[in-house]
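Structural overview for review
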Amino acid sequence: MSKTIAKRVFSGVQPSGTQVHIGNYFGAMKHFVELAKEHETIICIVDLHALTSVKSASDLRSHSASLAAAYLAIGIDPRQAIIFRQSDVPEVCELAWYLACHFPLGLLERAHAVKDAKAKNININSGVMFYPILMAADILLYKASLVPVGADQKQHVEMTRDVAERFNLQFGSIFPVPEALITEETGVIRGIDGRKMSKSYDNFIGLFEEPSAMRKKVMRIVTDSKSVEDVKDPEQCNVFQMFKLFASKEACENLARQYREGGMGYGVAKKELFDIMQLALSPFREKYNHWVSQKDELEDILLDGAKRARKIATQTISAVRLTLGTGSLKASKT
Ligand code: TYM
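Keep in mind that what you see is a predicted model, and the values were worked out from it rather than measured. (Residues numbered from 1 in each chain as written. Predicted model: local features only at pLDDT ≥ 70, side-chain atom pairs only at ≥ 80, totals over all residues. Heavy atoms only, no water.)

What about the pairing of strand β2 (residues 40-45)?
Inclusion rule: Exposed residues in this analysis have more than 50% of their type's maximum accessible area, buried residues have under 20%, and partly exposed residues fall in between, with area computed by a 1.4 Å probe over protein chains only. A run of DSSP states H or I qualifies as a helix once it reaches four residues; a run of E qualifies as a strand once it reaches two. Both are numbered from the N-terminal end. In this analysis, strands are considered paired if DSSP registers two or more bridges between them. Clockwise travel from the first strand over the helix to the second, with the strands pointing away from the viewer, marks a crossover as right-handed.
With five of its six residues buried, β2 lies for the most part within the structure. Judged from the six bridges that link them, strand β1 (residues 8-13) and β2 form a sheet pairing that is parallel. Across the sheet, Ser11 pairs through a bridge with Ile43, a residue of β2. Handedness of the crossover joining β1 and β2 through helix α1 (residues 22-36): right-handed. Where β2 and strand β3 (residues 82-85) come together, four bridges link them in parallel fashion. Along β3, the bridge assignment pairs Ile43 with Ile83.

Okay, structure coming up:
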């Protein structure tokens, strides 16, 4: 049965660590799986973006393979959705340059990542500054209209909209102006210290982490110093916030009631959280452990995805070249 292609969805995750965390999953990746059932969905391993921080070839390759395994483990079907590695479709770099020539530098200087680095006096490479342009090129190369991401990517999608509008204004309707899909409840998942979960804060719980390591992290979730008997506010508690991600509505109401009545200690709540996480995540972990050892098959899946992605990419880039006056006119006719 052919599905009606209502919208084209595009998103990506950086292969910048050994594994994705539950913030990546609930903020973005879970939506990939759901959207792929209804829409034409293109999911990218954005290894070019990861080069801003990953400097070892073997690390980048193994992180990319691990991310491919993660996509499969959470239930993305590579025969339906396209899963591919960004650098296998080099047209993205060409489009990034074209977009850069239409994007004010001042806007790039206002990007959160650049402002944060400046505030902390950290020396950044030019790739960090250029990052949003490459991300805009990702989205626009595939003419996507829906971009499921966590809240931290809102500014990047807004920049993409901005550059698409500038381009369209000057050259006619070339790109769809994409929309970010950010879910209110899961846009910012908190880490074990209560700040936004992030690899760089080292406050994350890996999506496929082994139970013993996961238990230790759950037990380290920061709480206030209320005693077991004290009445507690579930909405202010990091343990409860994480519990909500995994538990049914009924189980959440039940735990919330116990918090409000008093008599529920954080130790017991953490144990309940750990148990429910195991229930939800063990099937993912099993599939991930299977896929991550199938390096050859993963590579075939990514190459097949790149082939399909490149078909779309070459069409877009030919049209853009024609519009801008680059490339041979003769080549564009063949
Ligand atoms: P990255 O690799 O940092 O994160 C991948 C996705 O996970 C989301 N995320 C979170 N969501 C909720 N709570 C959190 N604590 C949390 N941490 C991470 C991110 O918002 C993201 O959606 N720039 C992108 C990668 C990218 C991209 C693209 C995305 C490159 N090109 C084109 C969409 C479209 C990034 O750094 O993701």
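From this point, the narrative continues.
As for the environment of Gly17
Inclusion rule: Note on definitions: a residue-residue contact is assigned when non-hydrogen atoms from the two residues lie within 4.5 Å.
Within the element layout of this structure, Gly17 appears in the loop between β1 and α1. Residue classification places Gly17 among the buried residues on the basis of a relative accessible area of 15%. When residues no more than four places from it in sequence are discounted, the contact partners of Gly17 are His63 and Lys199.

A look at the site of the ligand
What counts here: Any residue with at least one heavy atom within 4 Å of a molecule or strand is counted as near it. Throughout, the Shrake-Rupley method with a 1.4 Å probe supplies accessible areas, and for residues the shown protein chains are the sole cover considered. Note that Gly is not counted as nonpolar here; it falls among the polar residues with everything else outside the nonpolar set of Ala, Val, Leu, Ile, Met, Phe, Trp, Tyr, Cys and Pro and the charged set of Asp, Glu, Lys and Arg.
In the region of the ligand, 27 residues are neighbours, and Tyr131, Asp138, Asp152, Gln153 and Ile189 sit closest. Surface burial for the ligand is 95%, taken as the share of its 710 Å² of free accessible area covered by protein chains. Those elements that provide at least two residues to the shell around the ligand are β1, α1 and α7 (126-141). Counted by class, the shell around the ligand contains 12 nonpolar, 12 polar and three charged residues.

Digging into α7
Since the α-helix packs 3.6 residues into each turn, any two residues three or four apart lie on the same face. The condition that has to hold: An expected span of 1.5 Å times one less than the residue number is assigned to each helix. A residue's bend is the angle separating two fitted axes: one through the seven residues that end there, the other through the seven that start there.
With 16 residues, α7 ought to run about 22 Å at 1.5 Å a step, and its terminal C-alpha atoms sit 22 Å apart, in line with that. Along its length, α7 reaches its greatest deviation from straightness, about 40 degrees, at Pro132. Here α7 lies mainly inside the structure; 12 of its 16 residues are buried. After α7 finishes, the residue Lys143 shows a positive phi value of roughly 50 degrees.

A few points about the packing of aromatic side chains
Selection criterion: In this analysis, rings of Phe, Tyr and Trp, with Trp reduced to its six-membered ring, are considered paired at centre separations within 6.5 Å, and the interplanar angle assigns stacked below 30 degrees, edge-to-face beyond 60, and tilted for intermediate values. Lysine and arginine charges are scored as sitting over a ring when NZ or CZ, respectively, is within 6 Å of the ring centre and within 35 degrees of the ring normal.
Overall, the coordinates contain 12 aromatic pairs when judged by the stated rule. Consider the rings of Phe84 and Tyr142, whose centres lie 5.5 Å apart with planes at 65 degrees: the pair is edge-to-face. One end of the pair, Phe84, is in strand β3; the other, Tyr142, is in the loop between α7 and β4 (146-148), and 58 residues separate them in sequence. Both residues of the pair, Phe84 and Tyr142, count as buried. One aromatic cluster is present, built from ring pairs that chain together Tyr25, Phe26, Phe246 and Phe284. Positioned above the aromatic ring of Tyr266, the side-chain terminus of Lys232 is 5.4 Å from the ring centre.

Some words on the pattern of salt bridges
The condition is simple: Salt bridge, as used here: a side-chain nitrogen of Lys or Arg that lies within 4 Å of a carboxyl oxygen of Asp or Glu.
The full count for this structure, using the stated rule, is 18 salt bridges. Where Lys154 meets Glu158, a salt bridge forms, and the shortest distance between an N and an O atom there is 3.7 Å. Placement of the pair is Lys154 and Glu158 together in helix α8 (residues 154-171), with a separation of four residues, close to one helical turn. Where Lys217 meets Glu209, a salt bridge forms, and the shortest distance between an N and an O atom there is 3.0 Å.

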